[in-house]
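Analysis of the macromolecular model
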Amino acid sequence: MKRIALIALLLATPALAAEDGAFSEGSEAKSWNLTAQEKARFTAKVVDILCEVAGDCPKDCGAGTRQMGLVREADGALIFPNKNGQPIFTGAATDLAPYCGKMVEVDGLLTGGDEITPGSAKIYQVQRIRELGGEWKKANRWTKEWAKKNPDAKGKGPWFRRDPRITEEIAKDGYLGLGPEEDKVFIKDWY
Amino acid sequence: MLGLKRVLALGVALLPGIAVASEGERIAVKGELIDTWCYFSGVMGGPDAVVGSAHHTCAMWCAAGGIPVGLLGEDGTVYMVLKLGEDDDSNGGDTFLTMTNDTIEAEGMLYERDGLNYLVVAEVTSNEGVTNLTHEDFGVTPGNTIPDAVVDKVLEE
């Protein structure tokens, strides 16, 4: 029954297709089959979002510790890049932080909005970035920075299986966040 | 009629590239700390499957990876959390990682900008831990969250 419910849920996921929008011209963004995805290439100023909305402004946008935003040149809208171009659970702030305060051009996908969160704007996945007039760079810097910070976490498998903070949390609270004993009950019931 | 502050803020906000802090509103809100990318993008399925215990490990991966953590309010509103108490390391910081999927009550400042809600949490006034037991309906999302070796070991016990 549970598996039937899961299949029904997956089938109920909205039909997805890359669509053009107001900022799609010239975009070379690759489709990720996201909800209401829309290719978007635009110029923008890179900002520290906490500074931008609340006026809490450290040097260098927090030097990579904070979420970064894009104030789009065409309309002044604050766009929130939640994701970089790597398909492995990695955000965009690490890729954008080196451009703090600079004008850049970005290319990627807008996703979300009314289908998921009524009344909400879309968020952004940045796939490539360049300073105005410069060379494009892929937004894939995150794993290199993680490897520098975690030299002892070498081994097989992707970073998220080896990250010491995550393995510590799983050891303490289990994969469900309910404790290791609840994991055992779940595994025996589900698998 | 618009107040003078709002007229001035609107005028400045219309100038591209000019940073201007928004006028915030003090609020108290209860909800679950979620992985905003999977919730908005649908990349792992519908929104009910990417919250709570079913998605807890994936949400930790995303929080550690610097994907923004949001607070999903009881009315379905999503607040992008920029600061949790004293911790403004919203790009993968420890506080954001360790509270993933917890149901909390928080007080702080709300800023609305271009269709998104941004929350600066001043204080977490209660924390119930993970209470949204979505694994009972969805298993784990993604399906390979728990490694085969772990599953096999438990089944052999």
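The notes below deal with the structure included here. (Residues numbered from 1 in each chain as written. Chains lettered and ligands numbered in written order. Predicted model: local features only at pLDDT ≥ 70, side-chain atom pairs only at ≥ 80, totals over all residues. Heavy atoms only, no water.)

**Regarding the packing of helix α7 (residues 180-190) of chain A against helix α6 (residues 148-156) of chain B**
For the pair α7(A) and α6(B), the least separation of the axes is 9 Å and the interaxial angle reads 85 degrees. One way to sum up the angle between α7(A) and α6(B) is to call them roughly perpendicular. On α6(B), the residues touching A:Lys184, A:Ile187 and A:Lys188 of α7(A) are B:Val150, B:Val151, B:Val154 and B:Leu155. The residue inventory of the contact of α7(A) with α6(B), partitioned by class, reads five nonpolar, no polar and two charged. (Axes fitted to C-alpha atoms, helices over the stretch in contact; angles between N-to-C directions. Helix = DSSP H or I, 4+ residues; strand = E, 2+ residues; numbered from the N terminus. Parallel < 35°, antiparallel > 145°, perpendicular 65-115°, else oblique. Contact = heavy atoms within 4.5 Å. Nonpolar A, V, L, I, M, F, W, Y, C, P; charged D, E, K, R; others polar.)

**What about the environment of A:Ala139?**
Residue and element names in this part refer to chain A. Mapped onto the fold, Ala-139 is located in the loop between β7 (137-138) and α4 (142-149). In this structure, the C-alpha to C-alpha distance between Ala-139 and Asp-95, residues 44 residues apart in sequence, is 5.8 Å. Residues in contact with Ala-139, not counting those within four places in the same chain, are Asn-84, Gly-85, Gln-86, Asp-95, Val-126, Gln-127 and Arg-128.

**Structural notes on the interface of chain A and chain B**
Listed as interface residues are 64 residues of chain A and, on the opposing side, 69 residues of chain B. On the chain A side of the interface with chain B, the three residues burying the most area are A:Phe89, A:Arg165 and A:Tyr175, jointly 12% of the side's total. Scanning the region where chain A abuts chain B turns up five salt bridges. Here B:Asp88 makes a salt bridge to A:Arg66, at a shortest N to O gap of 2.8 Å. Our count for the chain A to chain B interface comes out at 19 residue pairs in polar contact (both at pLDDT 80 or more). Elements that contribute at least two residues to the side of chain A that touches chain B include exactly α1 (2-12), α2 (49-54), β4 (81-83), α3 (93-96), β6 (123-131), α5 (159-162), α6 (164-173) and α7 of chain A. (Buried area = accessible area lost by both parts, 1.4 Å probe. Salt bridge = Lys/Arg side-chain N within 4 Å of Asp/Glu carboxyl O. Polar contact = N/O pair within 3.5 Å; in protein donor to acceptor, adjacent residues only side chain to side chain.)

**Observations concerning unusual backbone geometry**
A cis geometry characterises the amide bond from B:Thr141 onward to B:Pro142, with omega recorded as 0 degrees. Along the chain, B:Pro142 turns up in the loop between α5 (135-138) and α6. Unusually for a residue other than glycine, A:Phe89 sits at a positive phi of about 65 degrees. Among the structural elements, A:Phe89 can be located in the loop between β4 and α3. Located in the positive-phi region is B:Asp114, a residue other than glycine, with phi close to 55 degrees.

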